[in-house]
Amino acid sequence: MLTITAINAFNDNYIWVLRQDSQQTVYVVDPGDPHVVLDYLRKHQLTLAGILITHHHNDHTGGITALAAHVKQTTDQILAVYGPQREAIQGINQPIDPTQSNTLTLPFIDAPIHILSVPGHTAGHIAYLLDGALFCGDTLFSAGCGRLFEGTPAQMWQSLSLLAALPDETRVYCAHEYTLANLKFAQEVDADNAALNKYVEQATTMRAQNKATIPSTIGLERAINPFLRPLAPTIVNSIKSKFCDQDLTKADELSCFALLRQWKDIF
Ligand SMILES: [Zn+2]
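On a predicted model such as this, the values are computed, not experimentally measured, just so you know.

1. A short note on the UniProt feature "binding site: Zn(2+) 2" (unreviewed entry) in the protein chain
Step number 1: Mapped onto the present numbering, the UniProt feature "binding site: Zn(2+) 2" (unreviewed entry) falls on Asp59, His60, Asp138 and His176. Over a stretch of 118 residues, the named residues converge on one spot in the fold, their C-alpha atoms separated by at most 10.7 Å.
Step number 2: Secondary-structure assignment places Asp138 in the loop between β10 (133-137) and β11 (140-141).
Step number 3: Taking the relative accessible area as the measure of exposure, Asp138 reaches 4% and is therefore buried.
Step number 4: Beyond its immediate chain neighbours, meaning those up to four positions away, Asp138 contacts His55, His57, His60, His121, His125, Gly146, Met156, Ala175 and His176.

2. Some remarks on the packing of aromatic side chains
Step number 1: Evaluation of the coordinates by the stated rule reveals ten aromatic pairs.
Step number 2: Centre to centre, the rings of Phe185 and Phe227 are 5.9 Å apart; their planes meet at 20°, and the pair counts as stacked. Of this pair, Phe185 sits in helix α5 (residues 179-189) while Phe227 is found in the loop between α7 (218-224) and α8 (233-242), placing the two residues 42 residues apart along the sequence. The two residues Phe185 and Phe227 agree in class, both being buried.
Step number 3: Pairing Phe185 with Trp263 gives two aromatic rings, centres 5.7 Å apart and planes at 90°, and the pair type is edge-to-face. With a gap of 78 residues between them, Phe185 in helix α5 and Trp263 in helix α9 (residues 253-265) connect regions that are remote in the sequence.
Step number 4: Phe185 gets classed as buried once you look at its relative accessible area, which sits at 0%.
Step number 5: Taken together, the aromatic side chains of Trp157, Phe185, Phe227, Phe243, Phe257, Trp263 and Phe267 make up a single cluster linked through ring pairs.

3. Digging into the coordination of the zinc ion
Ideal donor angles around a metal are set by the shape: a four-donor tetrahedron calls for 109.5 degrees, a six-donor octahedron for 90 or 180 degrees.
Step number 1: Summarising the metal site, the zinc ion is bound by the protein donors His55 (NE2), His57 (ND1), His121 (NE2) and Asp138 (OD), whose distances to it range over 2.1 to 2.2 Å.
Step number 2: Coordination geometry of the zinc ion: the four donor atoms subtend angles of 90 to 166° at the metal centre, consistent with an arrangement described as irregular.
Step number 3: For the zinc ion, the single-chain donor residues occur in sequence as H-x1-H-x63-H-x16-D. Placement of His121 in the loop between β8 (113-117) and β9 (126-130) and of Asp138 in the loop between β10 and β11 is noted, with a sequence separation of 17 residues between them.

4. Considerations on helix α1 (residues 34-44)
Step number 1: Looking only at α1, the buried set comprises Pro34, Val37, Leu38, Tyr40 and Leu41. Looking straight down α1, one finds its buried side chains confined to an arc of 160°; they lie on one side. Along α1, exposed side chains directed more than 90 degrees from the buried face belong to His35, Arg42 and Lys43.
Step number 2: Next to the buried residues of α1 lie β1 (2-9), β2 (13-20), β3 (25-29), β4 (47-52) and α3 (64-75).
Step number 3: Between the side-chain oxygen at the start of α1 and the backbone nitrogen of His35 there is a gap of 2.9 Å, and the oxygen is on Asp33.
Step number 4: Directly beyond the C-terminal end of α1, a positive phi value near 50° is found at Gln45.

Conventions we followed
Residues numbered from 1 in each chain as written. Predicted model: local features only at pLDDT ≥ 70, side-chain atom pairs only at ≥ 80, totals over all residues. Heavy atoms only, no water. UniProt positions renumbered as here; feature names shortened; annotations may be inferred. Helix = DSSP H or I, 4+ residues; strand = E, 2+ residues; numbered from the N terminus. Buried < 20%, exposed > 50% of the residue type's maximum accessible area, 1.4 Å probe, protein only. Contact = heavy atoms within 4.5 Å. Phe/Tyr/Trp six-rings, centres within 6.5 Å; stacked < 30°, edge-to-face > 60°. Donors = N, O, S within 2.8 Å, 3.2 Å for Na, K, Ca; no water. Tetrahedral: all angles 85-135°; square planar, octahedral: opposite > 155°, others 65-115°. Arc of directions from axis to C-beta. Polar contact = N/O pair within 3.5 Å; in protein donor to acceptor, adjacent residues only side chain to side chain.

Pasting the structure below:
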């Protein structure tokens, strides 16, 4: 069985640890901070087999150099660092081109890993899917999605649509605990969504108890995440009243998604 645990980093980042059965050798996803990872490894007497990177932002990659140096120093091994070939990331020695290869097998991990190309937040953003667990970095968040720093709304919409088409039970391990802030915006635009309102109560309770709301699931996100349901009637009406100067008579998914993302940027 694959066990996935979170290491908290910075204010709201999650660094995910992948451990197969009772192996002492683990992988981490998006280690922005090396110190919390080293502390965790030490505390649980684990060694690092490799790193999986989703995109180039420093809060996801900042630990690569120090972790590779640590492995070199303690075991004289070269740490395997996987990540998107399209992005200039120092320390990646296993570059992934999602257009060429979409499956990866890793030592110490039983399930094959499917690579998904999900540009939008950054130009070369990739996601990893294994054993029903999706590591999607800053593409899909619970009740939200990443900002469009490098991609177009069309690219992000296509990436989110790809993720939304995964089975409902797929667990979503995004890289940030942004859920409550995202839910505020979701309620602003989708006020009469009963599933959303119910989930706001649940998530509020979880955060009050200092529990992570991540992983979410694709099924939950399809029900509550406004960025996956831009044509829901309430959302379309909200967009029409917010952007009343625009002609939205022929509003389609992409134009509604783009306006929602624009609205969230200033919310
Ligand atoms: Zn990012």
